[in-house]
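Descriptive structure summary
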Amino acid sequence: MLSAIDALERLHEGNRRFVSGVRSLETLTSQTRRSEFISGQKPFAVILGCSDSRVPVELVFDQGLGDLFVIRVAGNVVAPSQIGSVEFAAAQFGTQLVVVLGHTRCSAVQSTVDELLQPGENQSRNLRSIVDRIRPAVAGLLETDLGRDPDTLARQAVRANVRVSANSLRHGSPILEELIQGGKLLVVGAEYALETGQVEFFDGLPTPG
Ligand SMILES: [Zn+2]
């Protein structure tokens, strides 16, 4: 299994290819090697991303069949089933890298900001369960000067939400905590920019050296 650092590098390289509009031969041919994956899988990274149709995880990292264990939910929020999915990947496959991937102009995060600014009653209980998980990440931002600057607020809210989700995974279960402390698992936060196609890793990166 790739180390977390090597896995990060592979994602970096894949995203660079995506931004330049090239795809690797390995990604392109993975579909013709489908039979190789019948007996098992060794995904080198777990990605918790948003369901947004503009952020398909395998495409933005230029990865193919069998490469990524992907969890997608609106607003990349962490509920028990997301923690369980990460535990599953870490235990079953030994995957060492987890990336929480938010993105600019996330409607789930924006809906939460809007809801905080102007509380309404028209959400379903299920939708509310997503907004409720994003709310603590952005509520504090509204009390700062950002409350008067909607664009900056929206950008910072996305990153704050990624940080909260990453922390929820880091401290969400004794199994994950133990793996992290033993150096067997790294959880990082990243943001995909719809405007450029670039993924920036900004949270939880190990200090070099
Ligand atoms: Zn989103």
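Read on for an overview of the structure. Residue positions are given per chain, counted from 1 along the sequence in the order it is written. Totals for whole chains, interfaces and linings use every residue, but because this is a predicted model, local features are given only for residues with pLDDT of at least 70 and side-chain atom pairs only at 80 or more, for both listing and counting. Only hydrogens and water are set aside when side-chain values are computed; all heavy atoms of the structure are taken into account.

1. Some details on the coordination of the zinc ion
Note on the zinc ion: its protein donors are C50 (SG), H103 (NE2) and C106 (SG). The metal-donor distances range over 2.1 to 2.3 Å. Here the term donor refers to an N, O or S atom within 2.8 Å of the metal (or 3.2 Å for Na, K and Ca), and because water is left out of the atoms, sites may appear incomplete. Mapped onto the sequence, the donors of the zinc ion take the spacing C-x52-H-x2-C. There is no split in this pair, since H103 and C106 are both buried. Classification of residues uses two cut-offs on accessible area relative to the type maximum, computed with a 1.4 Å probe and protein chains only: under 20% is buried, over 50% is exposed, and between them is partly exposed.

2. A look at the packing of helix α4 (residues 80-93) against helix α8 (residues 174-181)
For every element, the axis is a line fit to its C-alpha atoms; helices are fit only across the contacting stretch, and the angle between N-to-C directions ranges from 0 to 180 degrees. The numbering of helices and of strands both runs from the N terminus, where a helix is a DSSP run of H or I of at least 4 residues and a strand a run of E of at least 2. In the contact formed by α4 and α8, the axes pass within 10 Å of each other and the chain directions differ by 50°. By the criterion of interaxial angle, the relationship of α4 to α8 is oblique. Two packed elements cross with a definite hand, and for α4 against α8 that hand is left-handed. Taking contact as the criterion, the partners of I83, V86, E87 and A90 in α4 are, on α8, I175, L176 and L179. The scheme is simple: roughly parallel for angles under 35 degrees, roughly antiparallel for over 145, roughly perpendicular for 65 to 115, oblique for anything else. Take the far helix as the reference: if the near one is turned anticlockwise from it by less than a right angle, the crossing is left-handed, and if turned clockwise, right-handed. Only heavy atoms enter the contact rule, under which two residues are in contact if any of them lie within 4.5 Å.

3. Things to note about unusual backbone geometry
Residues other than glycine seldom take positive phi values, yet N76 does so here, at roughly 35°. Tracing the chain through its elements places N76 in the loop between β2 (68-72) and α4. N76 gets classed as buried once you look at its relative accessible area, which sits at 1%. Here the phi dihedral of R105 falls at roughly 55°; this positive angle occurs in a residue that is not glycine. With respect to the element layout, R105 can be found in the loop between β3 (97-103) and α5 (107-117).

4. Side note on the packing of aromatic side chains
Note on aromatic pairs: each is described by the distance of the centres and the angle between the planes. Here the aromatic set is Phe, Tyr and Trp, taking the six-membered ring for Trp, and pairing holds for ring centres within 6.5 Å; pairs whose planes are under 30 degrees apart are stacked, those over 60 apart are edge-to-face, and all others are tilted. Within this structure, the stated rule accounts for five aromatic pairs. An aromatic cluster is defined as three or more aromatic residues linked by ring pairs; in this entry it consists of F69, F88 and F93. Whether a charge sits over a ring depends on NZ of Lys or CZ of Arg being within 6 Å of the ring centre and within 35 degrees of the ring normal. The ring of F202 has R159 sitting right over it, with the charged end atom 4.4 Å from the ring centre.

5. Remarks on the pairing of β3
Of all seven residues in β3, seven are buried; the element is thus mostly enclosed. The two faces of β3 match: L97, V99, L101 and H103 on one face and V98, V100 and G102 on the other face are all buried. Two elements, strand β1 (residues 45-49) and β3, share four bridges in a ladder whose sense is parallel. Across the sheet, residue L48 finds its bridge partner in β3, namely V100. Where β3 meets strand β4 (residues 186-192), seven bridges bridge the pair, whose relative direction is parallel. The residue bridging G102 from the neighbouring strand is E191, located in β4. We treat two strands as partners when DSSP finds at least two bridges between them.

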